[in-house]
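# Observations on the model geometry
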Amino acid sequence: MKLVYVFDAYCGWSHGFSRTLREVVSRHPTLPVDVVSGGLFTGRRRVAISNFSYIKEANAEVSRLTGARFGESYQRLAAEGSFVMDSEAAARGVAALRQTAPDRAAELTLALQHAFYVDGHSLSAPATYRQLAETAGLDADAVLAAFQAPEAQKAAEADFRRTAELGVTAFPALLAVDGSRTVSLARGHATADEVDRRLAPLGITPTF
C-alpha cells in the first residue's frame, strides 16, 4: 500500500492542501508517498497569469477553507500580471527533487509550493531550485543538473501520462494504491481526519 499525491505546483488548491498532506504524512510515517505532477498550465494555457481572472477569487476561497497563506511577494507577482505559470518546468523541478531525495518527495513538494505561493519565486528558475536544495540540505549542484537534464523533461511527460492513467482531471488528488486497487482519499479539499476515515477500511490507522 502507498499513497499517490497528484498535484500541480501552480494550483492554488494544491497549495491549500499542503497542511493536510503534511499532517497525513506525519500520521503515517511508514506509508510511502509517490508525488505525481499534473499538467495544469501547459500548451495553450501557458500564458500570463493575468489571463486567469478567476485566480484571485479562487485563492480567497482556498484561504477561507484551508487557512493557506498567499504571501505578499506572490500577490505582487499575480497583481503585476505578466508572470507565466509553466507547469512543465515545475514538473521538471519536482522530478529533479524527487530524483535527488526520493524519500522526501512530499516534504520537498510542499517547499516548492511555498516558494511560489508565499515567496513569489518562479518555478522555472534554476535559482529557485538551488535555494530549495540548500535549505533542505541537498546537493544543490545535483538538483540543478537533474532539473536541466533531458531526463527531467521525460519524467515530466511521464507524470502527465500517469495523471491521465489514474483518471485525475482536477488537482489535488490523494489516492491509496495497493497493486491494481486504487481508492480516492481526497480530491480538491479534505482534512487529515477525513483522509484517515477513508484509510481505516483499508486497515491503515494513524500512529498517534
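To be clear, the structure that these remarks concern was listed above.
Overview of the structure. (Residues numbered from 1 in each chain as written. Predicted model: local features only at pLDDT ≥ 70, side-chain atom pairs only at ≥ 80, totals over all residues. Heavy atoms only, no water.)

### Quick word on the pairing of strand E3 (residues 173-178)
By the criterion of burial, E3 is predominantly enclosed, with five of the six residues buried. The pairing of strand E1 (residues 2-7) with E3 spans five bridges and is classified as antiparallel. Bridge pairing links Lys 2 to Val 177 in E3. In this sheet, strand E4 (residues 181-187) lies alongside E3 in antiparallel orientation, the contact comprising six bridges. In the sheet register, Leu 175 faces E4, and the bridge partner there is Ser 184. Between E3 and the antiparallel strand that follows it, E4, lie two residues; Gly 179 among them carries a positive phi value of about 65°. (Buried < 20%, exposed > 50% of the residue type's maximum accessible area, 1.4 Å probe, protein only. Helix = DSSP H or I, 4+ residues; strand = E, 2+ residues; numbered from the N terminus. Pairing = 2+ DSSP bridges.)

### With respect to the nonpolar core
Met 85, Leu 123, Tyr 129 and Leu 174 are the most contacted members of the largest nonpolar core, which has 55 residues in total. For this core, the element with the highest residue contribution is helix H6 (residues 105-117), accounting for eight residues. The residues touching Tyr 129, leaving out its near neighbours within four places in the chain, are Ala 89, Ala 90, Gly 93, Leu 97, Leu 112, Leu 123, Val 143, Leu 144 and Phe 147. Counting nine residues, the second largest nonpolar core, distinct from the first, contains Val 6, Val 36, Ala 173 and Leu 175. (Core = buried A, V, L, I, M, F, W, Y, C linked by side-chain atoms within 4.5 Å. Contact = heavy atoms within 4.5 Å.)

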